Amino acid sequence: SITLQHAALSMFVTSFTTAAAFYANYVSNITAIRCFGIYAGTAILVNYVLMVTWLPAVVVLHERYLLNVFDCFRKPQQHVYNHKHCWTLLCQKFQDLLFAVSEASRIFFEKVLPCIVIKFRYIWLFWFLALTVGGAYIVCINPKMKLPSLELSEFQVFRSSHPFERYDAEYKKLFMFERVHHGEELHMPITIIWGVSPEDNGDPLNPKSKGKLKLDSSFNIASQESQVWIYNFCQKLRNQTFFHQPDEQDFTSCFIETFKQWMENDCDEPSHYPCCSQPKFPFKQEVFELCIKRAIMEIERSTGYHLDSKTPGPRFDRNDTIRA
C-alpha cells in the first residue's frame, strides 16, 4: 500500500500527460487521426485505472491464497503416502528443474560466453569482415543495388502487394500531379463550385461517413446579378498566368461564356426564340432557366459533350431547376 501511495501520483501524471497529447489529435480535420487520438488516449487512461486497481488486487490475492495452494516447501509426512505428498514431490522436482535452468543460464552468460568471445576473437573479426566484404560486393558489384530512376523511382521497402508499393508501381500514374512531375505536358484542372454550402455534416468519428450535400438556398444563378458576377469572374480568371485555354470550349470551361455565345447565334427557326438572337446580356431569369436546358441538349448533340455526375457544368434538382 505504501508503494502504491507513492507511485499512484507519478503514474497518474505520466498517464494524464500522455493521454492529453493523444486527445489533442481530435482537433485534426482527418477523421482517422481523430479516431486514433481518442482510442490511444482512452487506452492509456484505462491502463492507469487497471494498474492502480486490478493489478494490486491480483497481487494481494496471489500472496494470500495462491502461494498457499502451490506451496511446495512444506515438509511431507513420512508415514502417509497420499495425493498431497505426490503433489509436493512434483512441485519439488519442478523447482529443482527451474533452479538447474537458472544456474545453467547464469554460468553460460557469466563464464562460457565471455570465454568464447575472448578465445575466438580473431575468428569473430574475420567472420564479420567477410560479411562486410560480401555485403559490399552484393550492393556494389553483383547483383548491384539499382538507384532510383524514372522507371523505378523508389526503393522497394514492403511487399509488392502493399498499398505503398502499389502506389509507386501503379496508382501514381493515375494522378496528374505525379505525371506532371515526370515531365508530361499536362495542366491541372481547377473546379470551382457555386450553390453548395461548405458544410461537413458527416460523422467525424466514422471515416466512411461522407455526409450529405447541402445546397445553398440563397444561391440563384438565374438572376441577372449572378450571371454578370460569374461572367466577370471567368474573364478575370482567364487573364491569370496559370490559365490554359483548352482546344474545345464547352461547359467544362466556363459554362456562362459558352451559354452567352450560344444565345447570340441567329435563330434558324422562329420556334427557337427566345433561345437565340439574344445579344443583350444578362438574360432575364425566365429566359435563362428555359434556354440553359436547351443549350445543354444542343451542345451535347452537336459536340458529344455529356453532362453527368463527374462532368463540370450546371446541376439541376428533381424539379428540373438549376441549383448549382
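Residues numbered from 1 in each chain as written. Predicted model: local features only at pLDDT ≥ 70, side-chain atom pairs only at ≥ 80, totals over all residues. Heavy atoms only, no water.

- Named according to an unreviewed UniProt entry, the chain is Dispatched-like protein 1 originating from Tylototriton asperrimus.
- For the chain, the Sequence similarities (unreviewed entry) comment in UniProt is given as "Belongs to the dispatched family." (UniProt positions renumbered as here; feature names shortened; annotations may be inferred.)

1. Examining the overall build of the chain
Step number 1: Tallying secondary structure elements over the chain gives 10 helices and zero strands in all.
Step number 2: Listing each helix as α and each strand as β along the chain from the N terminus yields α-α-α-α-α-α-α-α-α-α.
Step number 3: Looking at the 324 residues of the chain, the share that counts as buried comes to 17%.
Step number 4: Taking the contacts inside the chain whose residues are at least 6 apart along the sequence as the reference set, 40% of them involve residues at least 24 apart.
Step number 5: Put simply, the chain shows about 25,500 Å² of open surface, and 62% of that area lies on carbon and sulfur atoms. (Helix = DSSP H or I, 4+ residues; strand = E, 2+ residues; numbered from the N terminus. Buried < 20%, exposed > 50% of the residue type's maximum accessible area, 1.4 Å probe, protein only. Contact = heavy atoms within 4.5 Å. Areas by Shrake-Rupley, 256 points an atom, 1.4 Å probe, with all protein chains shown as cover.)

2. Considerations on the UniProt feature "transmembrane region" (unreviewed entry) in the chain
Step number 1: Cross-referencing UniProt, the feature "transmembrane region" (unreviewed entry) maps to residues 6-24, 36-61 and 122-140 in the present numbering.
Step number 2: End-to-end, the C-alpha atoms of residues 36-61 are 35 Å apart, and along that stretch the chain is 96% helix and 0% strand.
Step number 3: Secondary structure across residues 122-140 comprises 100% helix and 0% strand; the distance between its end C-alpha atoms is 27 Å.

3. Section: unusual backbone geometry
Step number 1: With omega at 5°, the peptide bond leading from F281 into P282 counts as cis.
Step number 2: Positionally, P282 belongs in the loop between helix 9 (251-264) and helix 10 (285-303).

4. Remarks on the nonpolar core
Step number 1: I221, I256, F259, W262, M263, F288 and C291 are the most contacted members of the largest nonpolar core, which has 19 residues in total.
Step number 2: Mapped onto this core, the elements with two or more residues apiece are helix 8 (224-238), helix 9 and helix 10.
Step number 3: Per-element accounting of this core gives the leading share, six residues, to helix 9.
Step number 4: In contact with C291, not counting residues within four places along its chain, are F259, W262, M263, P274 and C275. (Core = buried A, V, L, I, M, F, W, Y, C linked by side-chain atoms within 4.5 Å.)

5. Some words on the pattern of salt bridges
Step number 1: In this structure the tally under the stated criterion is two salt bridges.
Step number 2: As a salt-bridge pair, E103 and R106 come within 2.8 Å of each other at their nearest N and O atoms. Of this pair, E103 and R106 both sit in helix 4 (residues 83-119), three residues apart, which is roughly one turn of that helix.
Step number 3: Residue classification places E103 among the partly exposed residues on the basis of a relative accessible area of 26%. (Salt bridge = Lys/Arg side-chain N within 4 Å of Asp/Glu carboxyl O.)

6. Focus: the packing of aromatic side chains
Step number 1: Taken as a whole and judged by the stated rule, the model has 11 aromatic pairs.
Step number 2: The interplanar angle of 85° and the centroid separation of 5.6 Å between the aromatic rings of F259 and F283 together place this pair among those described as edge-to-face. Of this pair, F259 sits in helix 9 while F283 is found in the loop between helix 9 and helix 10, placing the two residues 24 residues apart along the sequence. Comparing F259 with F283, the two get one shared label, buried.
Step number 3: An aromatic cluster of three or more residues is present, and its members are Y231, F259, F281, F283 and F288.
Step number 4: The ring of Y26 has R34 sitting right over it, with the charged end atom 5.0 Å from the ring centre. (Phe/Tyr/Trp six-rings, centres within 6.5 Å; stacked < 30°, edge-to-face > 60°. Lys NZ or Arg CZ within 6 Å of the ring centre and 35° of its normal.)

7. Observations regarding helix 2 (residues 31-52)
One turn of an α-helix holds 3.6 residues; hence residues three or four places apart share an orientation.
Step number 1: Taking 1.5 Å per residue as the helical rise, helix 2 with its 22 residues ought to reach 32 Å, and the 32 Å between its terminal C-alpha atoms agrees with that figure.
Step number 2: In the core, the buried residues of helix 2 are packed alongside helix 1 (2-23). (Expected span 1.5 Å × (residues − 1).)

8. Overview of the side chain of S28
Step number 1: By secondary structure assignment, the location of S28 is in the loop between helix 1 and helix 2.
Step number 2: The exposure class of S28 is buried, given its relative accessible area of 18%.
Step number 3: Discounting chain neighbours no more than four positions away, the residues touching S28 are I33 and R34.

9. Brief notes about the side chain of Q227
Step number 1: If you trace the backbone, Q227 turns up in helix 8.
Step number 2: By relative accessible area, which is 0% here, Q227 ends up buried.
Step number 3: At a separation of 3.1 Å, a polar atom in the side chain of Q227 contacts the main-chain carbonyl oxygen of F283. (Polar contact = N/O pair within 3.5 Å; in protein donor to acceptor, adjacent residues only side chain to side chain.)

10. So, the environment of S223
Step number 1: Relative to the helices and strands, S223 resides in the loop between helix 7 (176-181) and helix 8.
Step number 2: Of note is the side chain of S223, whose polar atom sits 2.9 Å from the backbone oxygen of N220.

11. Quick word on the environment of Q285
Step number 1: Inspection of the secondary structure puts Q285 in helix 10.
Step number 2: Sequence separation of Q285 and N220 is 65 residues, and the distance between their C-alpha atoms is 9.5 Å.
Step number 3: Each residue touching Q285, except ones within four places of it in the same chain, is listed here: N220, A222 and S223.

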